[in-house]
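Summary of the model geometry
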Amino acid sequence: MRSLLPELELFAAIARHGNFGRAAAERKVSTSMASQGMRKLEDQLGVVLLRRTTRSVAPTAAGAELLASLEPGLRQIQDAVERVNLHRGTPIGSLRINAPAPIAQFLLAPLAARFTRDHPDVAIEIVAEAALQDIVLEGFDAGVRFGNDVPQDMVAVRIGNAQRYAIVASPDYLDRREPPLTPRDLVRHECIRRSFPGGSLQTWAFQRRTAKVELPPGRIVVNDAQIAVNAALAGGGLAYVHEKYVEREIAEGCLVRLLETWSPGIGAPYLYYPRQRYLSAALRTFIDLAREKGRAEN
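Below you will find a few notes about this structure. (Residues numbered from 1 in each chain as written. Predicted model: local features only at pLDDT ≥ 70, side-chain atom pairs only at ≥ 80, totals over all residues. Heavy atoms only, no water.)

Concerning the overall build of the protein
Going by this rule: Where helices and strands are cited, they refer to DSSP runs of H or I of at least four residues and of E of at least two residues respectively, numbered from the N terminus. For this measure, only C-alpha atoms enter the radius of gyration; the expected value for a globule follows 2.2 Å times N^0.38, where N is the number of residues. A simple rule labels every residue: compare its accessible area, found with a 1.4 Å probe on the protein chains alone, to the largest value its type can have, and call it buried under 20%, exposed over 50%, or partly exposed in between. Contacts between residues were defined by any pair of non-hydrogen atoms, one from each residue, lying within 4.5 Å. Computed with a 1.4 Å probe, the accessible areas rest on the Shrake-Rupley method; for each residue, only the protein chains presented here act as cover. Only four residue types enter the charge count: Lys and Arg as positive, Asp and Glu as negative, with His and the chain ends excluded. A charge is said to be at NZ when it belongs to Lys, at CZ for Arg, at CG for Asp and at CD for Glu.
Each helix and strand in the protein was counted, giving nine helices and 13 strands. Relative to the 2.2 N^0.38 estimate, which gives 19 Å for 298 residues, the radius of gyration of the protein is 24 Å and therefore markedly larger than a compact globule would have. Overall size of the protein, expressed as C-alpha extent along the three principal axes, is 80 × 45 × 30 Å. When each of the 298 residues of the protein is scored for burial, the buried share is 42%. Partitioning the intrachain contacts of the protein with sequence separation of at least 6 by distance along the chain shows that 75% fall at a separation of at least 24. For the protein, the exposed surface amounts to about 16100 Å²; the carbon and sulfur share of it is 50%. Across the protein, the mean location of the 38 positive side-chain charges is 3 Å away from that of the 33 negative side-chain charges.

Rendered as structure tokens:
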């Protein structure tokens, strides 16, 4: 009989996630291949291992018994592979990381440059997205999010200081308008709004307690933070962006920061990854580098 290890690992992943798509992404196969693999395993063993409905997947009694017996052995195999990886002099392979655009641009890009310089056998793909993604389902090795946005079932490593949003306008614009003193004053200003892929507009949140401010739709609407900054530089109105986008412009006097005491904190960025014992040498080494950077900033 041929080895059933690949199908058994797939079964354990499906039982753990309760979802074929997430398990397939973890095992780096298509969902259809995962389904075919499970049918082959069940046919060969002659027993139904998974109870499938339109909403969930769960082990049958036989499946639960098999999973309980399998997990210690699979962990031993993973530990053995991890111990071998410790002897590898240089990490190899590829990493896919999902992160919000400002983190991708200002934090991960420099980290990736340093990492690939030190580890030439590793390739890194950084995908910048505002929406929170299921990194397992979408095939990412890790993700980065702020504070409370990190999924609870993930391992998280702090990789930077707490950050904030900034509201800015050009001196030219402020020569024509009284600067806002409270968030309520924004209704009298040209607010450059940002749209998301689904069509919704970004909410302007504030640190202090205040009545909800209903901002006008805005005569300038963009889908990118840097475009909002450029519109503000040209005197088009107030922009609400991550502070990293405007640090230089504020320092050089090209933009003026407004309502700074109201600026919302968005927490520190965290690199997160699935809670599993086995990590590739490439991911483990990248995590160590990111953790080192986070400690250096504290």
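Some points on the pattern of salt bridges
Rule in force here: Criterion for a salt bridge: a side-chain nitrogen of Lys or Arg within 4 Å of a carboxyl oxygen of Asp or Glu.
Tallied over the full model, the rule gives 12 salt bridges. When the shortest N-O distance is used, the salt bridge between Lys-244 and Glu-247 registers 3.8 Å. Of the charged contacts, one joins Asp-288 and Arg-291 as a salt bridge, the two residues approaching to 3.2 Å between their closest N and O atoms. Linking Asp-288 with Arg-291, this pair stays in helix H9 (residues 281-297), spanning three residues, or about one helical turn. For Arg-291, a relative accessible area of 26% translates into the label partly exposed.

What about helix H1 (residues 5-17)?
Because an α-helix completes one turn every 3.6 residues, residues spaced three or four positions apart along the sequence face the same direction. Going by this rule: Every helix has an expected span of 1.5 Å times one less than the residues it contains.
Taking 1.5 Å per residue as the helical rise, H1 with its 13 residues ought to reach 18 Å, and the 18 Å between its terminal C-alpha atoms agrees with that figure. The complete set of buried residues in H1 reads Glu-7, Leu-8, Leu-10, Phe-11, Ala-12, Ala-13, Ile-14 and Ala-15. Looking one or two residues past H1, Gly-18 carries a phi angle of roughly 65°, positive in sign.

Some details on helix H3 (residues 31-45)
Here is the rule we go by: Each direction from the helix axis to a C-beta atom contributes to the arc, which is the arc of those directions.
An ideal rise of 1.5 Å per residue puts 21 Å on 15 residues; H3 measures up with 21 Å between its terminal C-alpha atoms. Among the residues of H3, those classed as buried are Ala-34, Gly-37, Met-38, Leu-41 and Glu-42. End-on view of H3: buried residues confined to an arc of 130°, all on one side of the axis. For H3, the exposed residues lying more than 90 degrees away from the buried face are Lys-40 and Asp-43. Buried residues in H3 make contact with H1, helix H2 (20-27) and strand E1 (50-52). One or two residues past the end of H3 sits Gly-46, with phi positive at roughly 70°.

Some remarks on the nonpolar core
Definition in use: Note on terminology: a nonpolar core comprises buried Ala, Val, Leu, Ile, Met, Phe, Trp, Tyr and Cys residues joined through side-chain atoms within 4.5 Å.
The biggest cluster of nonpolar side chains holds 24 residues, and the ones touching the most others in it are Leu-108, Val-144, Leu-271 and Phe-286. Those elements that provide at least two residues to this core are strand E3 (93-99), helix H5 (101-118), strand E5 (142-146), strand E13 (269-274) and H9. Beyond its immediate stretch of four places on either side in the chain, Phe-286 contacts Leu-95, Ile-97, Leu-108, Leu-111, Phe-115, Ile-124 and Leu-271. Leu-4, Leu-10, Ala-13 and Met-38 belong to the second largest nonpolar core, which has 20 residues in total.

Digging into the pairing of strand E4 (residues 122-128)
Consecutive side chains of a regular strand alternate in pointing toward one face of the sheet and then the other. To keep things clear, this is the line we draw: DSSP calls a pair of strands paired once it identifies at least 2 bridges connecting them. A clockwise course of the path from the first strand over the helix to the second, judged with the strands pointing away from the viewer, identifies a crossover as right-handed.
Alignment of E3 against E4, held across seven bridges, turns out to be parallel. Residue Gly-93 lies in a different strand from E4, and its bridge partner there is Val-122. Tracing the backbone out of E3, into H5 and back to the parallel element E4 gives a crossover that is right-handed.

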